[in-house]
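# Structure assessment
Next come the chains, spelled out residue by residue.
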Amino acid sequence: MQTEIRPIRREDVVSVYEIEKTSFAEPWSIGIFRLYAAWRGVVPLDEERTTYANVAVHQGVVLGYIVWETDRGHRTGRILNIAVREGYRRRGIGRTLIQHAFEAMRRAGLIQVELEARESNTAARGLYSHLGMIEVGRLARYYHNEDAVVYRIEL
Ligand SMILES: CC(C)(COP(=O)(O)OP(=O)(O)OC[C@H]1O[C@@H](n2cnc3c(N)ncnc32)[C@H](O)[C@@H]1OP(=O)(O)O)[C@@H](O)C(=O)NCCC(=O)NCCS
């Protein structure tokens with residue numbers, strides 16, 4: 001499905017938060033998305049690290065979003081959050097959001113991306129494997145009651 005990928009705006013926040021709440025048992029607060037919108041999708045953390053939030057929009061409707069971090073010191077990117085609206089999954093939106101973020105990371109001079117997924121999250125793990133990410137480790141009980149699987153890809 002063709003979507004426009006662009007930085008989050010104020011008018012996207014309610015839709016993004018709806019997707020967040022229906023996608024995760026422990027959703028981020030709406031205030032985080034408001035902050036990204038207020039900062040036009042780019043929130044600096046310190047001298048080396050910056051975070052970004054983009055949305056995928058189709059005919060004016062927000063269908064997904066992604067939040068990622070660039071760490072120029074370690075030349076590493078990290079996906080912090082990604083979700084696609086229920087009913088619009090398996091149409092390539094998640095893949096497009098991540099590929100767009102990878103491209104931005106390459107342009108920023110990063111050499112690799114790392115991320116974690118819940119062991120039980122077959123959709124996320126399927127997406128990361130589909131994109132060529134390699135399982136490089138596990139973090140025991142990273143999510144309170146569940147292990148995380150760590151993925152990495154060279155850019
Ligand atoms: C994970 C998520 C973002 C994937 O988004 P999506 O738009 O459905 O993914 P895509 O359509 O781009 O999928 C690309 C490929 O990833 C893999 N994949 C995606 N969903 C999958 C699933 N449920 N099971 C197995 N593989 C899957 C497939 O290889 C797929 O290609 P195919 O459809 O041609 O087989 C979506 O399922 C979601 O929002 N889940 C809830 C939030 C979440 O868990 N986020 C990740 C936190 S770590």
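For the structure itself, consult the block above.
What counts, and at which threshold
- Residues numbered from 1 in each chain as written.
- Predicted model: local features only at pLDDT ≥ 70, side-chain atom pairs only at ≥ 80, totals over all residues.
- Pairing = 2+ DSSP bridges.
- Helix = DSSP H or I, 4+ residues; strand = E, 2+ residues; numbered from the N terminus.
- Right-handed = clockwise from strand over helix to strand, strands pointing away.
- Near = placed C-beta within 6 Å.
- Nonpolar A, V, L, I, M, F, W, Y, C, P; charged D, E, K, R; others polar.
- Core = buried A, V, L, I, M, F, W, Y, C linked by C-beta atoms within 7 Å.
- Buried ≥ 20, exposed ≤ 12 C-beta atoms within 10 Å, placed from the backbone.
- Contact = placed C-beta atoms within 7 Å.

### Details of the pairing of strand β6 (residues 112-118)
- Where strand β5 (residues 76-84) lies against β6, 3 bridges are found, and the strand directions are parallel. Across the sheet, the residue bridging to R78 is E114, located in β6.
- What joins β5 to β6 is helix α3 (residues 93-107), and the crossover it makes is right-handed.
- Examined bridge by bridge, β6 and strand β8 (residues 146-154) share 7 bridges and lie antiparallel to one another. When the bridges of β8 are listed, Q112 appears paired with E154.

### Some remarks on the site of the ligand
- With respect to spatial proximity, 19 residues lie near the ligand, and among them R89, G94, R95, A123 and G126 are the closest.
- Within the residue set of the shell around the ligand, elements represented by two or more residues are β5, α3 and α4 (122-130).
- Here the element with the most residues in the shell around the ligand is α4; it accounts for 6 residues.
- The residue inventory of the shell around the ligand, partitioned by class, reads 8 nonpolar, 7 polar and 4 charged.

### A few points about the environment of S120
- Along the chain, S120 turns up in the loop between β6 and α4.
- For the pair S120 and V149, spaced 29 residues apart in sequence, the C-alpha to C-alpha distance is 9.4 Å.

### A closer look at the nonpolar core
- Residues I8, V16, Y65, I66, I79, L97 and A101 are the most contacted members of the largest nonpolar core, which totals 34 residues.
- The biggest single contributor to this core is strand β4 (residues 61-71), with 6 residues.
- Apart from residues no more than four positions distant in its own chain, L97 is found in contact with I5, N54, A56, G64, I66 and I82.

### Focus: the environment of L127
- Relative to the helices and strands, L127 resides in helix α4.
- Between the C-alpha atom of L127 and that of G92, which follows or precedes it by 35 residues, the distance is 9.5 Å.
- Apart from the residues lying within four places of it in its own chain, the contact partners of L127 are G94 and R95.

Limitation: the analysis is restricted to geometry and does not speak to function.
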